[in-house]
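Structure assessment
Spelled out from the first residue to the last, the chains are:
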Amino acid sequence: MVNTMSTEKAQSQQILIINSELQTNRLMNQIIQSLGFTVIVSENISNAQKYFSGKNPSLVIINELIAIQDNFSWIKTIRQRFPLLPIILYTISEQHQTLKQALRLGIDDYLSAPLTKEEIQNSIHANLLHSQNLRNYVLLESRRATKQLQARVHDLETLTDLARMVTSSLDLDHVLKTIVHAAVELTGAEEGSLLLIDEETGELYMRASRNFNEEFVSTFRMPVNDSLIGSVVKTGKVVIFDDSTPQKIKTSYLVHSLIYIPIKLKEQIIGVIGVDNRHNRMTFSQRDIGLLTTMAEYAVIAIENARLFSEVVTERTKLETIINQIEDGVLVMDNDFRILIINNLAQTVLGIQGENLIGSPIQIYPIDQEFLEIIKKFENYLGKSSEINTDDDRVFSAHLAKITGIGYAITLHDISYLKKLDRIKSDFVSTVSHDLRSPLTAILGYVDLVERAGPVQELQKNFLDRIQFSVHNITTLVDDLLNLGRIEAGFDTRKEHLDMSIYIHQSIDELNPKFLQSNMQLKINVPDSAHLIFASPIQMRQLLNNLLTNAIKYSNPGTSLTVTLQENENQIIIQISDEGYGIPAVDLPYIFDKFYRSGNVIGTEIPGSGLGLAIVKSIVESHQGRIWVDSTVGKGSTFTIVFPISD
Ligand code: ADP
């Protein structure tokens, strides 16, 4: 064999000799070195081992005796670790049996005595060349495998992108087109199409395509019967064929190869996806079937998504139409008060106008002060009704509710007609009450005059006193009726941000003569100023006046009266406590009812209409407050009122 290996290359290659005979070693060393290789010699196996930890030898020559002694196990191990490393057995005996065994264990060659330079050179070169060839082959194979792997990775990437698009886009045209494009690209086909069954005619039409003539696509119609594509629809089976079976598809074009995959939606075939080659003689593979099957699944997901979306849109449109046509205003907001649903009426009533209302926070619109207050303190108003007045003098009752998992809802019901009726009733009561006042004043005047006109007997005086007392009572009743009328008719409702501590001090001052008269001990635990509440000043005066007057009326002279005002996080708490008669427990549930007077007045001559607390209650409610009473007969009563603090 001709030595073609350059000296430089040979020197970089190490030949390991495992042999214990000195003379042979010297000879081999000489010969091999003269061939330009670097030689390393090891006298036994365990020593040889160290040459496999860094740069490995390029070839090993091992003495048969050492190999036999080791029972060939070192050779076995090295063969496994370095399959491409040439191992040459140096044999003296040249025994058939040994050589056979060695060859079976992967020995590449053997050298025998007497050793000649030519023999050694031929063996080394041949085996190194063979090893190199093997290396080249492995490299080539791994490159091919890498390339295949890269192609697979590319397929997977395309599929992942496609999956992302299928699930994120609702543009069905675009999604299906992209699926067909990807099918053509990944299979390397010339053209591709996605056909769906027209539910009305039962024919297949082209929903998306790649590399087909546009006119052809738009006019393509294919009956399911008697066509190759139709057979896919009917059987649900994949069709694949190539040049060995050329067929004329019933679309009047000849193809060399094609694949058709059924598109299945819940076991029902709704169409076919396919790729084909008209000019290329390329055939399709199992991999292509796999890819197209995935595409068919993507197409189903996209079609289902689009169908569900259109259902949602239809439902939403239906809901919007219904909500817009009902006669009440509807506003639904999420937990952050962003508008979710608002109908036309609610827009008009609440003054929320503009484009893109859905999703925008309600506070950004120039809404009415009172409505803003409701929004801010929504929780306080839940389940209650508030009134909202519009610029065109309509009155709406706003009912507030919480919708679990969604947010808040407000329904607005037009109560203008009720308000009108109520006003007529109140006007009537007011007029009658008003008209009653003059004759009552006249009666009182004349009763006074009777005494002045001349002496009256004891009994007559007694009768006159009774008349006076009764007329006073009627006057109080008329006054209360007038007040209640005003409140119910929605008069005096102008609200402002006011400090209740000031109002309490003022009311107590105004009633001072009465306190003096009844010799009451006043304990006032009210700070000079408190947080503001959003309230009607007239109604607040009325409320305090009624409660304080009751405390005087229903207490013995000389007892004490305590008024306190406390604040906590978002509310003020006012308490009016007397040491008066107290209210029997049976009456407690009713004392806020109109005209209800408790048992504690029965048999007494304490005047009253039973309207004072009814007035108080309706004032408290129209301010989103709460009122309750704790009372013990003989010990006294405590009225507690809570109002929300305004921001
Ligand atoms: P009236 O005009 O009778 O005072 P109100 O509506 O103010 O009507 O009160 C209803 C009833 O509640 C009273 O008739 C009285 O029996 C009882 N009442 C109200 N306030 C007190 C109080 N501070 N102590 C005891 N009883 C009270």
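Everything quoted here is computed from the prediction, not taken from an experiment. (Residues numbered from 1 in each chain as written. Predicted model: local features only at pLDDT ≥ 70, side-chain atom pairs only at ≥ 80, totals over all residues. Heavy atoms only, no water.)

1. Quick word on the site of the ligand
Rule in force here: What makes a residue near a molecule or strand is one non-hydrogen atom of that residue sitting within 4 Å of it. Within 3.5 Å is the distance limit for a polar contact, defined as a pair of N or O atoms, with the added protein rule that one can donate a hydrogen and the other accept it, and that residues adjacent in sequence qualify only through two side-chain atoms. Method remark: on a 1 Å grid restricted to protein atoms, a set of points is classed as a cavity if a 1.4 Å probe fits but cannot get out and as a pocket if it is open with protein on both sides within 12 Å along at least five of seven lines; lining residues have an atom within 4 Å of a point. Molecule-in-pocket calls rest on the fraction of atoms, with more than half required to lie within 2 Å of the cavity or pocket grid points. Here a helix means four or more residues in a row that DSSP labels H or I, a strand means two or more in a row labelled E, and each is numbered from the N terminus. Classification convention: Asp, Glu, Lys, Arg as charged; Ala, Val, Leu, Ile, Met, Phe, Trp, Tyr, Cys, Pro as nonpolar; all other residues, Gly among them, as polar.
In the neighbourhood of the ligand, 20 residues make up the surrounding shell, with Asn 550, Tyr 554, Arg 597, Asn 600 and Leu 613 lying closest. A distance of 2.6 Å separates an oxygen atom of the ligand from a polar atom in the side chain of Tyr 554. Between the ligand and Gly 610 there is a distance of 3.0 Å, counted from an oxygen atom to a backbone nitrogen or oxygen. For the ligand, the cavity whose grid points lie within 2 Å of the majority of its atoms is the second largest pocket. Residue assignment for the shell around the ligand shows that the elements contributing at least two residues are helix 19 (537–553), helix 20 (612–621) and strand 25 (636–644). The residue inventory of the shell around the ligand, partitioned by class, reads 8 nonpolar, 9 polar and 3 charged.

2. Overview of the packing of helix 19 against helix 20
Applicable threshold: The convention used is that axes are lines fitted to C-alpha atoms, helices contributing only their stretch in contact, and that angles between N-to-C directions extend from 0 to 180 degrees. Each crossing gets its handedness from the near helix: less than a right angle anticlockwise from the far helix is left-handed, clockwise is right-handed. Here a residue-residue contact requires only that any non-hydrogen atoms of the pair lie within 4.5 Å.
Where helix 19 meets helix 20, the axes come as close as 9 Å, and the angle between the chain directions of the two elements is 140°. Note that helix 19 runs across helix 20; the crossing there is left-handed. Where helix 19 approaches helix 20, its residues Gln 539, Met 540, Gln 542, Leu 543, Asn 546, Leu 547 and Asn 550 are matched on the opposing element by Gly 612, Leu 613, Ile 615, Val 616, Ile 619 and Val 620.

3. Observations regarding the nonpolar core
Put simply, the test is: In this description, a nonpolar core means a group of buried Ala, Val, Leu, Ile, Met, Phe, Trp, Tyr and Cys residues linked to one another through side-chain atoms lying within 4.5 Å. A 1.4 Å probe rolled over the protein chains alone gives each residue an accessible area, and that area as a share of the maximum for its type sets the label: buried under 20%, exposed over 50%, partly exposed in between.
Counting 42 residues, the largest nonpolar core has Met 500, Leu 543 and Phe 643 as the members making the most contacts within it. With near-sequence residues (within four places) excluded, Leu 543 lies in contact with Val 616, Ile 619, Val 620, Ile 641 and Phe 643. Residues Ile 179, Val 184, Ala 299 and Ala 306 belong to the second largest nonpolar core, which totals 36 residues.

4. Some details on unusual backbone geometry
Residue Pro 114 follows Ala 113 across a cis peptide bond; omega there is -5°. Tracing the sequence through the fold places Pro 114 in the loop between strand 5 (109–112) and helix 7 (117–168). Here Phe 337, not a glycine, exhibits a phi torsion of approximately 60°, which is positive. Non-glycine residue Gln 624 carries a positive phi angle of around 55°. Relative to the helices and strands, Gln 624 resides in the loop between helix 20 and strand 24 (626–632).

5. Notes on the domain arrangement of the protein chain
Operational definition: Note that the domain bounds reflect an automated or database-derived domain assignment.
Here the domain parsing of the protein chain yields domain 1 (7–138), domain 2 (169–311), domain 3 (326–414), domain 4 (418–488) and domain 5 (492–644). Here the C-alpha centroids of domain 2 and domain 4 sit 95 Å apart.

6. Notes on helix 2 (residues 22–34)
Applied cut-off: How far a helix is expected to stretch is found by multiplying one less than its residue total by 1.5 Å. Taken from the helix axis, the directions to the C-beta atoms give the arc we talk about.
End to end, helix 2 covers 18 Å across 13 residues, agreeing with the expected 18 Å (1.5 Å per residue, within 8%). Buried within helix 2 we find Thr 24, Asn 25, Met 28, Ile 31 and Ile 32. Relative to the axis of helix 2, the buried residues are bounded by an arc of 140° and lie together on one face. Facing away from the buried surface of helix 2 by more than 90 degrees, the exposed residues are Leu 22, Gln 23, Arg 26 and Gln 30. Summarising the contacts, the buried residues of helix 2 are in contact with strand 1 (14–18), strand 2 (38–42), strand 3 (59–63), strand 4 (87–91) and helix 7. Looking one or two residues past helix 2, Gly 36 carries a phi angle of roughly 100°, positive in sign.

7. Observations regarding the packing of aromatic side chains
Put simply, the rule reads: In this scheme Phe, Tyr and Trp rings, the latter by its six-membered ring, pair at centre separations within 6.5 Å, and the angle between planes marks the pair as stacked below 30 degrees, edge-to-face above 60, and tilted otherwise.
Using the criterion set out here, one finds 7 aromatic pairs in the structure. Ring centres of Phe 337 and Tyr 408 lie 4.8 Å apart, and the angle between their planes is 5°; this geometry places the pair in the stacked category. A residue pair is termed long-range when its members are at least 10 positions apart, and Phe 337 in the loop between strand 14 (329–334) and strand 15 (339–342) and Tyr 408 in strand 18 (residues 407–414) qualify at 71 residues. Owing to a relative accessible area of 7%, Tyr 408 belongs among the buried residues under this scheme. Measuring from centroid to centroid gives 5.5 Å for Tyr 590 and Tyr 596, while their planes differ by 45°, and the two rings are tilted. An aromatic cluster of at least three residues, connected via ring pairs, comprises Phe 52, Trp 74 and Phe 82.

8. Examining the sheet that holds strand 16 (residues 385–389)
Operational definition: Between any two strands, pairing holds if DSSP finds at least two bridges.
The antiparallel open sheet is built from 5 strands, whose spatial order is 15-14-18-17-16. Edge positions in the open sheet fall to strand 15 and strand 16, since each of these has one partner strand only. When strand polarity is set aside, the average angle formed by the axes of neighbouring strands in this sheet is 20°. Pairing between strand 14 and strand 15: 3 bridges, direction antiparallel. Across the sheet, Leu 331 pairs through a bridge with Ile 342, a residue of strand 15. Sitting on the sheet, helix 13 (residues 369–376) touches strand 14, strand 16, strand 17 (395–403) and strand 18, and the angle it makes with strand 16 is about 155°.

9. Here we look at the sheet that holds strand 1
Taken in spatial order, the 5 strands make up an open sheet running 2-1-3-4-5, and their pairing is parallel. The outermost strands of the open sheet, each flanked by one partner alone, are strand 2 and strand 5. Each strand axis lies, on average, 20° off the axis of its neighbour in the sheet, ignoring direction. Of the pairings in the sheet, the one linking strand 3 to strand 4 comprises 4 bridges and is parallel in character. The residue bridging Ile 62 from the neighbouring strand is Leu 89, located in strand 4.

10. Regarding the pairing of strand 3
Extensive coverage of strand 3 is indicated by the burial of 5 of its 5 residues. Of the two faces of strand 3, the one carrying Leu 59, Ile 61 and Asn 63 and the one carrying Val 60 and Ile 62 are both buried. As paired elements, strand 1 and strand 3 share 4 bridges and run parallel to each other. Paired with Ile 15 across the strands is Leu 59, a residue of strand 3.

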